[in-house]
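Spelled out from the first residue to the last, the chains are:
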Amino acid sequence: MYPELAPMTTGLGEVFMYAVEVEPGSALAGQPEESRLLALRTVQDYTIRPQLKKIPGIADVDSGGGFK
């Protein structure tokens, strides 16, 4: 027989989603919404994303939401 030419799974079959949120009672909890969203997006872009991309097998980390 001929080998399978299609991938074993689709790209959508291997997507992991998570949310970065402010913990109630933290210093950010009392800040205006724009400040909280900016802080969370900054943590995502400069702390979490680079660490996740170091993991073998991770192709990319896409971000959505927050405030730029």
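Further up the page is the structure itself.
The paragraphs below set out a description of the structure included in this document. The model shown is predicted, which means the values in this text are computed figures rather than measured ones. (Residues numbered from 1 in each chain as written. Predicted model: local features only at pLDDT ≥ 70, side-chain atom pairs only at ≥ 80, totals over all residues. Heavy atoms only, no water.)

**Section: the pattern of salt bridges**
Line of reasoning, step 1. Summed over all chains, the structure comprises three salt bridges.
Line of reasoning, step 2. Measuring nitrogen to oxygen at the nearest pair gives 3.0 Å for the salt bridge that ties D45 to R41. Taken together, the residues span about one helical turn, with D45 and R41 both in helix α1 (residues 33–53) at a distance of four residues.
Line of reasoning, step 3. Where K53 meets D60, a salt bridge forms, and the shortest distance between an N and an O atom there is 3.6 Å.
Line of reasoning, step 4. Members of the salt-bridge network, linked through shared partners, are R49, K53 and D60. (Salt bridge = Lys/Arg side-chain N within 4 Å of Asp/Glu carboxyl O. Helix = DSSP H or I, 4+ residues; strand = E, 2+ residues; numbered from the N terminus.)

**Points about α1**
Line of reasoning, step 1. For α1, which comprises 21 residues, the first-to-last C-alpha distance of 28 Å matches the rise-based estimate of 30 Å (1.5 Å per residue) to within 8%.
Line of reasoning, step 2. Q44 marks the point of greatest bend in α1, at about 35°.
Line of reasoning, step 3. Taken as a whole, α1 has its buried residues at L40, R41 and Q44. (Expected span 1.5 Å × (residues − 1). Bend = angle between axes of the 7 residues up to and from the residue. Buried < 20%, exposed > 50% of the residue type's maximum accessible area, 1.4 Å probe, protein only.)

Remember that the coordinates give geometry; whether it matters functionally is a separate question.
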